[in-house]
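A closer look at the structure
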Amino acid sequence: KLICASAPAPQGATASAVLMAKENPVVDAIRISGADLVPAAEVMDELEGQLGSTLDVTRVTRALERVVKRYRDRGYLLVNATQAGMEPDGKTLAIAFTEGRVDGVRLEGQRRTQPSLLRRETRTAVGKPLNFDTLEEDIQHLYALNFFESLNVNIADSGTGGVVLNVKIREKPRGTLRLGFRYDLDDSFTGLA
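Residues numbered from 1 in each chain as written. Predicted model: local features only at pLDDT ≥ 70, side-chain atom pairs only at ≥ 80, totals over all residues. Heavy atoms only, no water.

Turning next to the environment of Arg-70. When you line up the elements, Arg-70 lands in helix α2 (residues 57-73). In sequence terms Arg-70 and Val-38 are 32 residues apart; their C-alpha atoms lie 9.7 Å from each other. Leave out the neighbours within four places in its chain, and Arg-70 touches Glu-42 and Glu-46. A distance of 2.5 Å separates a polar atom in the side chain of Arg-70 from a polar atom in the side chain of Glu-46. (Helix = DSSP H or I, 4+ residues; strand = E, 2+ residues; numbered from the N terminus. Contact = heavy atoms within 4.5 Å. Polar contact = N/O pair within 3.5 Å; in protein donor to acceptor, adjacent residues only side chain to side chain.)

See the structure below:
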């Protein structure tokens, strides 16, 4: 780390600068938080050789980018390393992840559809990281039930580190079935629907 401090010099005078160099610390421990989906062992494998060595910011950044990319390729597009830096003790590298946990699902526009239908017919669940591949399959499955004219999902920040899925639906109108019977001398009983 290079820190530069200088004071303005009067016009025509010479200027001077004081440069102080501070060495990057040695990483004695690594603390990983916020990762339920991303196993700490996987992150540690990517950081191979960093423990017990001088902090290499570029190497740590690239390792975390590889881990995040791996999960995004699997459909977890909201996985992100939100923090990577030394703790105040100067010995512990702290790494924090967010995984795009679903904190809630709100259903809008329904008249007859119960929220329990969405819970029963979909694999996207509250408390789990949002997987966009699974969400896409869930939407296709809900359309296949033939209950909805349209179904839109908007993703909003929950304010607590996760997301809220706002599901706006337009239900298909239900048809009416009427039954009747008729009797006459020519046809006897006739059923009508």
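With respect to topology, three strands assemble into an open sheet ordered β6-β8-β7, the strand pairing being mixed. Strands with a single pairing partner mark the edges of an open sheet, and in this sheet they are β6 (102-108) and β7 (148-157). Recorded for the sheet is a direction-independent mean angle of 20 degrees between the axes of neighbouring strands. Along the sheet face, helix α4 (residues 132-144) touches β7 and β8 (163-171) and points at about 155 degrees away from the line of β7. (Pairing = 2+ DSSP bridges. Axes fitted to C-alpha atoms, helices over the stretch in contact; angles between N-to-C directions.)

Another aspect to go through is unusual backbone geometry. For Asn-146, which is not glycine, the phi dihedral falls at a positive 65 degrees. Along the polypeptide, Asn-146 turns up in the loop between α4 and β7. When its relative accessible area of 49% is taken as the criterion, Asn-146 is described as partly exposed. (Buried < 20%, exposed > 50% of the residue type's maximum accessible area, 1.4 Å probe, protein only.)

Honestly, that's just the spatial picture; any functional story needs more than this.
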